[in-house]
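Descriptive structure summary
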Number of protein chains: 4
Amino acid sequence: MIHFALLGCGRIGRVHADSIDVHPRAELAWVYDPIESAASEVAERYGTTIAPVVDVAIDDPSVDAVVIASATPTHVDLLSRAVRAGKAVLCEKPIDLELARVDRCWTDIAALNPMVMLGFNRRFDPSFREVRDRVAAGGIGRLEQLTIVSRDPAPASRDYLAASGGLFRDMTIHDFDLARFFLGEVAEVYAMGSNLVADYIAELGDIDGAVVVMRGANGVLCQITNSRRSVFGYDQRLEAFGSAGMLSVGNQHPTSVRSSNATHTEAAPEYLNFFLDRYTPAYRAELDHLITAIEQGSQPSPGFADGREALALADAALESLQTGRTVPLGSPARRETEV
Amino acid sequence: MIHFALLGCGRIGRVHADSIDVHPRAELAWVYDPIESAASEVAERYGTTIAPVVDVAIDDPSVDAVVIASATPTHVDLLSRAVRAGKAVLCEKPIDLELARVDRCWTDIAALNPMVMLGFNRRFDPSFREVRDRVAAGGIGRLEQLTIVSRDPAPASRDYLAASGGLFRDMTIHDFDLARFFLGEVAEVYAMGSNLVADYIAELGDIDGAVVVMRGANGVLCQITNSRRSVFGYDQRLEAFGSAGMLSVGNQHPTSVRSSNATHTEAAPEYLNFFLDRYTPAYRAELDHLITAIEQGSQPSPGFADGREALALADAALESLQTGRTVPLGSPARRETEV
Amino acid sequence: MIHFALLGCGRIGRVHADSIDVHPRAELAWVYDPIESAASEVAERYGTTIAPVVDVAIDDPSVDAVVIASATPTHVDLLSRAVRAGKAVLCEKPIDLELARVDRCWTDIAALNPMVMLGFNRRFDPSFREVRDRVAAGGIGRLEQLTIVSRDPAPASRDYLAASGGLFRDMTIHDFDLARFFLGEVAEVYAMGSNLVADYIAELGDIDGAVVVMRGANGVLCQITNSRRSVFGYDQRLEAFGSAGMLSVGNQHPTSVRSSNATHTEAAPEYLNFFLDRYTPAYRAELDHLITAIEQGSQPSPGFADGREALALADAALESLQTGRTVPLGSPARRETEV
Amino acid sequence: MIHFALLGCGRIGRVHADSIDVHPRAELAWVYDPIESAASEVAERYGTTIAPVVDVAIDDPSVDAVVIASATPTHVDLLSRAVRAGKAVLCEKPIDLELARVDRCWTDIAALNPMVMLGFNRRFDPSFREVRDRVAAGGIGRLEQLTIVSRDPAPASRDYLAASGGLFRDMTIHDFDLARFFLGEVAEVYAMGSNLVADYIAELGDIDGAVVVMRGANGVLCQITNSRRSVFGYDQRLEAFGSAGMLSVGNQHPTSVRSSNATHTEAAPEYLNFFLDRYTPAYRAELDHLITAIEQGSQPSPGFADGREALALADAALESLQTGRTVPLGSPARRETEV
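Read on for a plain summary of the structure. (Residues numbered from 1 in each chain as written. Chains lettered and ligands numbered in written order. Predicted model: local features only at pLDDT ≥ 70, side-chain atom pairs only at ≥ 80, totals over all residues. Heavy atoms only, no water.)

This part is about the sheet that holds strand β3 (residues 49-50) of chain A. All names here are of chain A. The parallel open sheet is built from six strands, whose spatial order is β3-β2-β1-β4-β5-β6. Since the sheet does not close on itself, it has two edges, and those belong to β3 and β6 (116-118), each with one partner. In this structure, strand β5 (residues 88-91) lies alongside β6, joined through three bridges in parallel fashion. Bridging from a neighbouring strand, Leu90 pairs with Met117 of β6. Each of β1 (2-7), β2 (26-32) and β3 is contacted by helix α2 (residues 36-46), which is oriented at about 155 degrees to β2, the strand it contacts most. (Pairing = 2+ DSSP bridges. Helix = DSSP H or I, 4+ residues; strand = E, 2+ residues; numbered from the N terminus. Contact = heavy atoms within 4.5 Å. Axes fitted to C-alpha atoms, helices over the stretch in contact; angles between N-to-C directions.)

Right, dumping it as structure tokens:
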């Protein structure tokens, strides 16, 4: 039985609490949240204990793993403490909004050979994973073009967005990681953004829609389309196009009902509305992957470096947005500057 | 160049006129219709001549083939005359509403070894034909179950239906022939009908919906669903289910546009509205088949006997409707009674 | 918290054990199975106790409800005992293979006003239920035609089938109940069967494919297609056709991946393979319905009478198969004969 | 009746000959091709006359319109001659490979107020046009993102590609025009290309795959994906995403057959293989539009300026490819340099 401490009882923290609850080999030992009502709600629902301070949870010798689902600025500190306490860590994205801070964090903990998993849940979505496995097995010949569509149902609040690090670090970061899942390293990035959805996003200096183009080190062209609003629901699609075929992932519906009437035919119901619905199986598989890694003493994947690289891609996209130029990744010079 | 005389310039006559017009090796020599305005409209549109009486068209030595698209009661007489004049014939379904009359017609002309094609256009629909060819080639192993859905957009007028011979002889007859295209001979038939669409149909003693079940001589179970009204358009589908797979034909849309909004996703436009739209390619392929048969001196298919058998199935279905029993087909006794 | 005793730890028993396990307000108190290894496997997996004899489980005062998932011939006896012990019952279909025995069972327990739910899980499938609710709400105008396709991936073993009561009582019984979910009472039934799948089924005197036609007391025509084998997976579809539109339920896939290559386009993966996968949400919703009924003191639905009527439809279909005639249901005479 | 002279009897010339042939108000008066066998083949098939030199066709007073389907370098000269002879012109894309030459051509003929239509057939595809009309009518609220996928089944020969002007001027030019059909003017362009399909394309200094990003003057983000090879057939799709919904155009199949077997379900047949099949209705509607314009004395659309702007976009994309920068369009400075 793997014992977990959950730090952060907001929306995503509850997703993890639920995954732990239904997993036959996991137990939720502690929860912590600076907002007491959030902590107690989760504690009650899952029959577990509230930690008065995070260290009580982190330092409990019976705890095997710490899930970091707290506010982004707290991630690196909690991650370091959990690693130093000898715990496995599942850290929500992004590790931090500042790449330099991420790199310093790694410098601090690298020698401990930490077991850190990043919460890029989409790698565990059964559809994306099936496509990736079939691509890896040569099912479409050589992969040549990857297309990702990722649109949220509706923009988050101004407060949330103000602290989010912007579209690329908050939202596209999932797509950057999904791209890396197929491409491996990325050679160069370009981004064009737009403000068409909500004025308050522009006022924050952020964009609310974007098209990102990347070239993988393997030559694959990748294209990402983002929007903060999609009135027909969470729009999460992918196409892997290759020399011998194409595999695509479509959106998913709560039922298989189709409707025909005098105005249209074969209409499907709304899509699974948001990540809580669409990615429930992914979150559960993600947790299962970590549990298995802990049990077997292997490194989980995606790991810290994947979190770092997705953030680096977000930064590069931002630079491209500002300069209108293709931004190369991975050059030693660039890394030096950044780290 | 094959020269045609067209007898009957109503809705279906115009379909044939159009097919003849666009065929590179066909020419419309004569048109005839007792309603002069109908004849002149077609004559003008396709630049051809109106026959003052049908014999002028039928007996013209330059005419190779006669298309019979006139009112049903005139079919057998025109068919006999055209055959005796040595012409190939494309006769619209049904040959006649009375099976005995159909059989007498055949007795009259059989010795002439006539070239008669029946207008069962669905055999030439590219989708149905592809399924039939793949089934025949073993693409689904052994055919076990055949399902046909056939629903008209809206019921015809009371006057039309009063003279139609009823649902089975007027509408299901196409499905009976399509079933025979897959099953060969039919061993037994059962039918259940309903009156849910329009009162005036019940007043005519006719039904406006039906389910028909048949067993082929080859053991295949076949099921047909009919309705005189389908508000979402012409509903024309088929499923061939076999020991190694299934081939299905779905409805067809005028464009490949799909629409998603706040109330539904992936909605398709209305279906191709009626037989003029859905079966245009079928009608053209049907005519091309006849032309090729004439050119090559071969017998076109479906032929007179197919028209006879589809009508016999309609009669058997009607008997089943009245008795609530399975009706066997093809027994010598039955044939004797009928012929 | 509702405490359950589970009688029968075979395939379907385990489905219920799992539903109880994940339900937040249910607890599995006892399991029983004459095959000890089956009982102990379930007991270990869900951390519960094996009852040495059924009465220990049934009579335990802390037990609220009994799930009967044992062999069919044991159902009526266990049902009577559980009812007399004052327990709510979830009984798997069929109540019994013999209608007279079912009716005697009811005579025995009716005065106790028992809370009995029948395990017709499909009523709780989110897709079927959505269609039924939208139909009931007038979403397709007046319901006119109902089409059900139900094909198992592969036939069960000879031993299983020999004790199954035949296709109609074992397999179609689910479709009969689903039809009643939409039609209410059924006025008449017709059935045509076939033996195309496996010789050993014919040797048992059973059929392995069928088409059933029914007319609801409300005039709706209903058509069911069954096969014991579908190489492309569990084929579970429904179409509700009405005066103002159609709602259809398609098959369901484990992922939303589609594949295109040089030989085909947009190919979907296999369907959810069998009832354990396709109907997992339905089984859970079914159990939740019972729990809520117990908590609220209301009658669950479908109930005993629904189990009785589905069996009566199976018997009527069998009679039709043997006589080749439409069989009327629900006449007093018929009921007298049967009860 | 509108009389046409067809200059160029290659693949695309034959498409136009066919459209003229089936149009009820068009007649093909002359054909010309420097390759005599090509000219005589078309002349024979459509029963028309070969012009010994182009001027015979262009200067024939009975000719109303000239279709320019000859080699690209001949376009501007033939266009000028036809315009000076007072004819309407349907000119295939591109007008020329050199923007300066296009502008000089316009300078030469502008004063004649010529009736010139550009052969951007996709504007007349029923699906694309329906989407554009529904977008224009507010069907998806405000248009925010446009996604175009355009992949040819297989790359053309080395010889063809060597003279083609490169991917952007030869292939993407259709997508540039389709984008302008939705966006109006384009503000800026970015392109990333790849060489993954065929070595001989790289040897020509050309690319064989690309992703292009554009921003419309109206703020809409547009994204185009191209490849010279798609093993599953001609891949021609579009998505118009807006504040209130999305309209998408999928690929089209020759039949509506779907296949399920032990390895996959619902597989569709290959797509309509190439532009001759997919865009037949578009080519016919395009010609009809020109004929109607001639009859009504109105300007056809798309016109000369649309041909010019699509080429300018191709040039800008090429500049972006070479510089790795976003290239602004439409600035006076840029236009001065170019014109």
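What follows picks up the thread again.
To continue, consider the pattern of salt bridges. A complete count under the given rule lists 106 salt bridges over all chains for this structure. For Asp125 of chain A, the salt bridge is made with Arg278 of chain A, and the minimal N-O distance between the two is 3.8 Å. Separated by 153 residues along the polypeptide, Asp125 of chain A in the loop between β6 and α6 (126-136) and Arg278 of chain A in helix α10 (residues 275-278) bring together distant segments of the chain. Taking the shortest distance from any N to any O, the salt bridge between Arg14 of chain D and Glu41 of chain D comes out at 2.7 Å. Of this pair, Arg14 of chain D sits in helix α1 (residues 11-22) while Glu41 of chain D sits in helix α2 (residues 36-46), and the two are 27 residues apart along the sequence. Residue Arg14 of chain D is classed as partly exposed on the basis of its relative accessible area of 29%. Salt bridges linked by common partners bring Arg123, Asp177, Arg180, Glu185 and Asp306 of chain A together as one network. (Salt bridge = Lys/Arg side-chain N within 4 Å of Asp/Glu carboxyl O. Buried < 20%, exposed > 50% of the residue type's maximum accessible area, 1.4 Å probe, protein only.)

Before going further, it helps to examine the interface of chain D and chain B. Taken together, the contact between chain D and chain B spans 22 residues of the former and 22 residues of the latter. Each partner contributes to the roughly 1500 Å² buried at the junction of chain D and chain B, and carbon and sulfur atoms together form 46% of this total. At the surface where chain D touches chain B, the tally comes to zero salt bridges. At the boundary of chain D with chain B, the tally comes to twelve residue pairs in polar contact (both at pLDDT 80 or more). Listed by contribution, the elements that provide at least two residues to the side of chain D that touches chain B are α6 (126-136), β12 (245-249) and β13 (257-261) of chain D. For the side of chain D that touches chain B, the per-class residue count stands at eight nonpolar, eleven polar and three charged. (Buried area = accessible area lost by both parts, 1.4 Å probe. Polar contact = N/O pair within 3.5 Å; in protein donor to acceptor, adjacent residues only side chain to side chain. Nonpolar A, V, L, I, M, F, W, Y, C, P; charged D, E, K, R; others polar.)

A few words now on the relation of the copies chain D and chain A. Take chain D, turn it by 180 degrees, move it 0.0 Å along the axis, and it overlays chain A with an RMSD of 0.0 Å. Both copies are brought into coincidence by an operation consistent with a two-fold rotation axis. Relative to the rotation axis, the closest C-alpha in chain D is found at Arg325 of chain D, a distance of 2.2 Å. Same-surface contact between copies: 100% of interface residues of chain D are shared with the interface of chain A. (Least-squares fit on C-alpha atoms with pLDDT ≥ 70 in both.)

Residue and element names in this part refer to chain C. Judged by pairing direction, the sheet is parallel, and its six strands sit side by side in the order β3-β2-β1-β4-β5-β6 without closing on themselves. A strand with exactly one partner marks an edge of an open sheet, and here the two such strands are β3 (49-50) and β6 (116-118). The strands touched by helix α4 (residues 75-84) within the sheet are β1 (2-7), β4 (65-68), β5 (88-91) and β6, with β5 carrying the most contacts at an inclination of about 165 degrees. Running at roughly 130 degrees to β1, helix α11 (residues 280-296) makes contact with β1, β2 (26-32), β4, β5 and β6 of the sheet.

With 38 residues of chain D at the interface, the matching set in chain A holds 38 residues. Run the count over chain D and chain A and you get four salt bridges. Inspection of the chain D/chain A interface yields 14 residue pairs in polar contact (both at pLDDT 80 or more). The element that contributes the greatest number of residues to the side of chain D that touches chain A is strand β9 (residues 209-216) of chain D, accounting for six residues. Tallied by class, the residues present in the side of chain D that touches chain A amount to 14 nonpolar, 14 polar and ten charged.

On to α2 of chain A, then. Residues and elements named next belong to chain A. Buried residues of α2: Ala38, Ala39, Val42, Ala43 and Tyr46, and no others. Buried residues of α2, viewed axially, fall in a sector of 125 degrees; they line one side. Exposed residues on α2 whose side chains face more than 90 degrees from its buried face are Glu36, Glu44 and Arg45. Of the surrounding elements, those touching the buried residues of α2 are β1, α1 (11-22), β2 and β3. Phi turns positive one or two residues past the end of α2, at Gly47, with a value near 60 degrees. (Arc of directions from axis to C-beta.)

The subject of this paragraph is the packing of aromatic side chains. For the structure on display, the rule yields 42 aromatic pairs over all chains. Ring centres 4.8 Å apart and planes at 75 degrees place the aromatic pair Phe274 of chain B and Phe275 of chain B in the edge-to-face group. Here Phe128 of chain C and Tyr279 of chain C contribute two aromatic rings whose centre-to-centre distance is 6.4 Å and whose plane-to-plane angle is 40 degrees, an arrangement assigned as tilted. With Phe128 of chain C in helix α6 (residues 126-136) and Tyr279 of chain C in the loop between α10 (275-278) and α11, this pair connects stretches of sequence that are 151 residues apart. (Phe/Tyr/Trp six-rings, centres within 6.5 Å; stacked < 30°, edge-to-face > 60°.)

Residue and element names in this part refer to chain D. Counted residue by residue, strand β2 (residues 26-32) has five buried out of seven residues, so it is predominantly covered. The sheet contact formed by strand β1 (residues 2-7) and β2 spans six bridges and is parallel. Residue pairing across strands places Leu6 opposite Val31, the latter belonging to β2. As a crossover connection, the stretch from β1 through α1 into β2 is right-handed. Across two bridges, β2 lies against strand β3 (residues 49-50) in parallel orientation. Its bridge partner lying in β3, Val31 is registered against Ile50. (Right-handed = clockwise from strand over helix to strand, strands pointing away.)

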